[in-house]
Amino acid sequence: MQKVKLTDELSFSPIVHGLWRLADWNMNSEETLKLIEACLELGITTFDHADIYGNYSCEGLFGEALQLNPRLREKMEIVTKCGIKLLSDKHPEHKVKHYDTSQAHILKSVENSLSRLKTDYIDVLLIHRPDPFMNPEEVAEAFTRLKTEGKVKHFGVSNFTPSQFRMLSSYLDFPLVTNQVEISVSHLHAFEDGTIEQCLENRVAPMAWSPLAGGQIFQAHDEKSLRLRKTLEEVGKELGGIELDQVMYAWLLNHPARMIPIAGSGNYNRIKAAVEATKIQMTRQQWFKIWIASTGTDVA
Ligand code: NAP
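Just so you know, these numbers come straight off a predicted model, no measurement behind them.

Examining the overall build of the protein chain
For step 1, the next point in the chain: What the protein chain contains, in helices and strands, is 12 helices and 12 strands.
For step 2, the next point in the chain: Over its C-alpha atoms the protein chain spans a radius of gyration of 19 Å, differing by no more than 12% from the 19 Å that the globule rule assigns to 300 residues.
For step 3, the next point in the chain: Principal axes of the C-alpha set define a box for the protein chain whose edges measure 50 × 45 × 40 Å.
For step 4, the next point in the chain: Here the protein chain holds 300 residues, and 56% of them are scored as buried.
For step 5, the next point in the chain: Nonlocal contacts in the protein chain, meaning residues at least 24 apart in sequence, comprise 75% of its contacts between residues at least 6 apart.

Now the structure itself:
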């Protein structure tokens, strides 16, 4: 698979593997290592984490697996996030769920991520959510310090609106390399709020979280999901009998914005299907058929 270039020094695999649900997969370290190795063999080299995933446990589960074969570290790009403070038995000092993008928290969160992931650097650190109490000067200071110390190589954001992205960028001496946002056939907000246009304008490849709408779309019985499933099946047939998940990935991958879907499955065959979807060519009319099924209305 051809990698997606984010900067001269950084490329991602066109499918990223997401570890949000890792703790639910009930794998031991050997099984997790096998999954990581299988992803690498499939050409998935980029892994998406956050400090908070699995109630602050997923990074550690991944790190313990990585420790069984530390040479794998140099074959992958690790993305992780910070900035959300969960109500958690692990953090009784959090009395209310909130965001924290203070310099002190960013630096501490990265130290914790490095220690849990059993690595001495993070390829990309994202601010997980826009923080209404953000001091961008502090974020810039934290990022610059982490970059200078070699602990984090690149920085990005997640769930930022275009104006939030632009505002934070204006405080940095280096570009934000991605905006990780929810994009799928059933979630079109990024097309409506200017995010996709901004990514195209700045040549920034967006990461698409929940590319299969979190799996809901396979079972849901609401009108929109039924309409989408019917259309995805039709397009899947036209494309030679491919499954719904591959049509959904292909819909993202065929878009000119170089969207990078984050596959959140723990199932090897489903991850492989995502990789195979990178070869599918979708016509403009098929793309619009799905768009129309999602919006429920013809284009003007
Ligand atoms: P997703 O790929 O849309 O959904 C994955 C879920 O769908 C899994 O539970 C999976 O179950 C199920 N699924 C996949 N294929 C299926 C099929 N053919 N039939 C039925 N169920 C199917 O992605 P996601 O897990 O919601 O999100 C992906 C990643 O995005 C996360 O891991 C995380 O890294 C990132 N994320 C980021 C944010 C953010 O705010 N930045 C938010 C949410 C997620 P199986 O495991 O059984 O296959």
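Quick look at the packing of aromatic side chains
Aromatic ring pairs are reported here in terms of the distance separating the ring centres and the angle at which the planes meet.
For step 1, the next point in the chain: One pass over the structure, following the stated rule, counts 10 aromatic pairs.
For step 2, the next point in the chain: Geometrically, the ring pair formed by Phe-47 and Phe-62 is tilted, given 5.4 Å between the ring centres and 55° between the ring planes. Here Phe-47 is found in strand β4 (residues 46–48), whereas its partner Phe-62 is found in helix α3 (residues 58–67), with 15 residues between them in sequence.
For step 3, the next point in the chain: Judged by relative accessible area, Phe-47 falls into the buried class, the value being 1%.
For step 4, the next point in the chain: Plain terms: the ring middles of Phe-191 and Trp-291 are 5.3 Å apart, the flat faces sit at 85° to each other, and that makes the pair edge-to-face. Taken as a pair, Phe-191 in helix α7 (residues 189–192) and Trp-291 in helix α12 (residues 284–295) lie far apart in primary sequence, 100 residues in all. Assigned by exposure class, Phe-191 and Trp-291 land together as buried.
For step 5, the next point in the chain: Lying over the aromatic face of Phe-174, Lys-147 brings its terminal NZ or CZ to 4.9 Å of the ring centre.
For step 6, the next point in the chain: Looking at Lys-153, its charged tip hangs above the ring of Tyr-121, at a distance of 4.5 Å from the centre.

Quick word on the site of the ligand
For step 1, the next point in the chain: Taken together, 27 residues lie around the ligand, and Arg-21, Asp-48, Ser-210, Ser-265 and Arg-270 are the ones closest in.
For step 2, the next point in the chain: Tyr-53 is positioned with one of its side-chain polar atoms (N or O) 3.4 Å from a nitrogen atom of the ligand.
For step 3, the next point in the chain: Note that an oxygen atom of the ligand is positioned 2.6 Å from one of the side-chain N or O atoms of Ser-210.
For step 4, the next point in the chain: Protein contact buries 87% of the 920 Å² of open area that the ligand shows by itself.
For step 5, the next point in the chain: Counted by class, the shell around the ligand contains 10 nonpolar, 12 polar and five charged residues.

Describing the packing of helix α1 (residues 29–42) against helix α11 (residues 268–276)
For step 1, the next point in the chain: With their axes 10 Å apart at the nearest point, α1 and α11 run at an angle of 20° to one another. Considered as vectors, α1 and α11 are oriented roughly parallel to each other. The two elements α1 and α11 cross, and the hand of that crossing is right-handed. Here Leu-35, Ala-38, Cys-39 and Leu-42 of α1 come into contact with α11, specifically with Tyr-268, Ile-271, Lys-272 and Val-275.

A short note on the pattern of salt bridges
Here the idea is simple: oppositely charged side chains can pair when their charged atoms come close.
For step 1, the next point in the chain: Within the structure shown, the criterion is met by 14 salt bridges.
For step 2, the next point in the chain: Of the charged contacts, one joins Lys-289 and Glu-238 as a salt bridge, the two residues approaching to 2.8 Å between their closest N and O atoms. In this pair, Lys-289 sits in helix α12 while Glu-238 sits in helix α9 (residues 223–238), placing the two residues 51 residues apart along the sequence.
For step 3, the next point in the chain: The partly exposed category is assigned to Glu-238, whose relative accessible area is 45%.
For step 4, the next point in the chain: One network of salt bridges, with partners in common, ties together Glu-111, Arg-145, Glu-149 and Lys-151.

Points about the sheet that holds strand β12 (residues 260–263)
For step 1, the next point in the chain: The sheet built from eight strands closes into a barrel, its strands ordered β3-β4-β5-β8-β9-β10-β11-β12 with parallel pairing. Sheet twist, expressed as the mean angle between neighbouring strand axes with direction ignored, is 30°.

Some words on unusual backbone geometry
In terms of backbone geometry, most residues other than glycine have negative phi values and most peptide bonds are trans.
For step 1, the next point in the chain: Positive phi, close to 45°, is recorded for Asn-26, a residue that is not glycine.
For step 2, the next point in the chain: Residue placement: Asn-26 occurs in the loop between β3 (16–18) and α1.
For step 3, the next point in the chain: Asn-26 sits in the exposed class, given a relative accessible area of 67%.
For step 4, the next point in the chain: At Arg-258, a residue that is not glycine, the phi angle is positive and equals roughly 55°.
For step 5, the next point in the chain: Summarising the element assignment, Arg-258 is placed in the loop between α10 (244–253) and β12.

Concerning the pairing of strand β5 (residues 77–82)
For step 1, the next point in the chain: Judged by how many residues are buried, β5 sits mostly within the fold: six of six residues are covered.
For step 2, the next point in the chain: Taking every second residue as pointing to the same face, both faces of β5 are buried, with Glu-77, Val-79 and Lys-81 on one and Ile-78, Thr-80 and Cys-82 on the other.
For step 3, the next point in the chain: In terms of strand pairing, β4 meets β5 through three bridges, oriented parallel. Each residue of the ladder has a partner; that of Thr-46, found in β5, is Glu-77.
For step 4, the next point in the chain: Pairing of β5 with strand β8 (residues 122–127), which is carried by four bridges, proceeds in the parallel orientation. Across the sheet, residue Val-79 finds its bridge partner in β8, namely Val-124.

The rules we used
Residues numbered from 1 in each chain as written. Predicted model: local features only at pLDDT ≥ 70, side-chain atom pairs only at ≥ 80, totals over all residues. Heavy atoms only, no water. Helix = DSSP H or I, 4+ residues; strand = E, 2+ residues; numbered from the N terminus. Rg over C-alpha atoms; globule rule 2.2 N^0.38 Å. Buried < 20%, exposed > 50% of the residue type's maximum accessible area, 1.4 Å probe, protein only. Contact = heavy atoms within 4.5 Å. Phe/Tyr/Trp six-rings, centres within 6.5 Å; stacked < 30°, edge-to-face > 60°. Lys NZ or Arg CZ within 6 Å of the ring centre and 35° of its normal. Near = heavy atom within 4 Å. Polar contact = N/O pair within 3.5 Å; in protein donor to acceptor, adjacent residues only side chain to side chain. Areas by Shrake-Rupley, 256 points an atom, 1.4 Å probe, with all protein chains shown as cover. Nonpolar A, V, L, I, M, F, W, Y, C, P; charged D, E, K, R; others polar. Axes fitted to C-alpha atoms, helices over the stretch in contact; angles between N-to-C directions. Parallel < 35°, antiparallel > 145°, perpendicular 65-115°, else oblique. Left-handed = near helix turned anticlockwise from the far one by under 90°. Salt bridge = Lys/Arg side-chain N within 4 Å of Asp/Glu carboxyl O. Pairing = 2+ DSSP bridges.

Function cannot be read off these values alone, since they describe shape.
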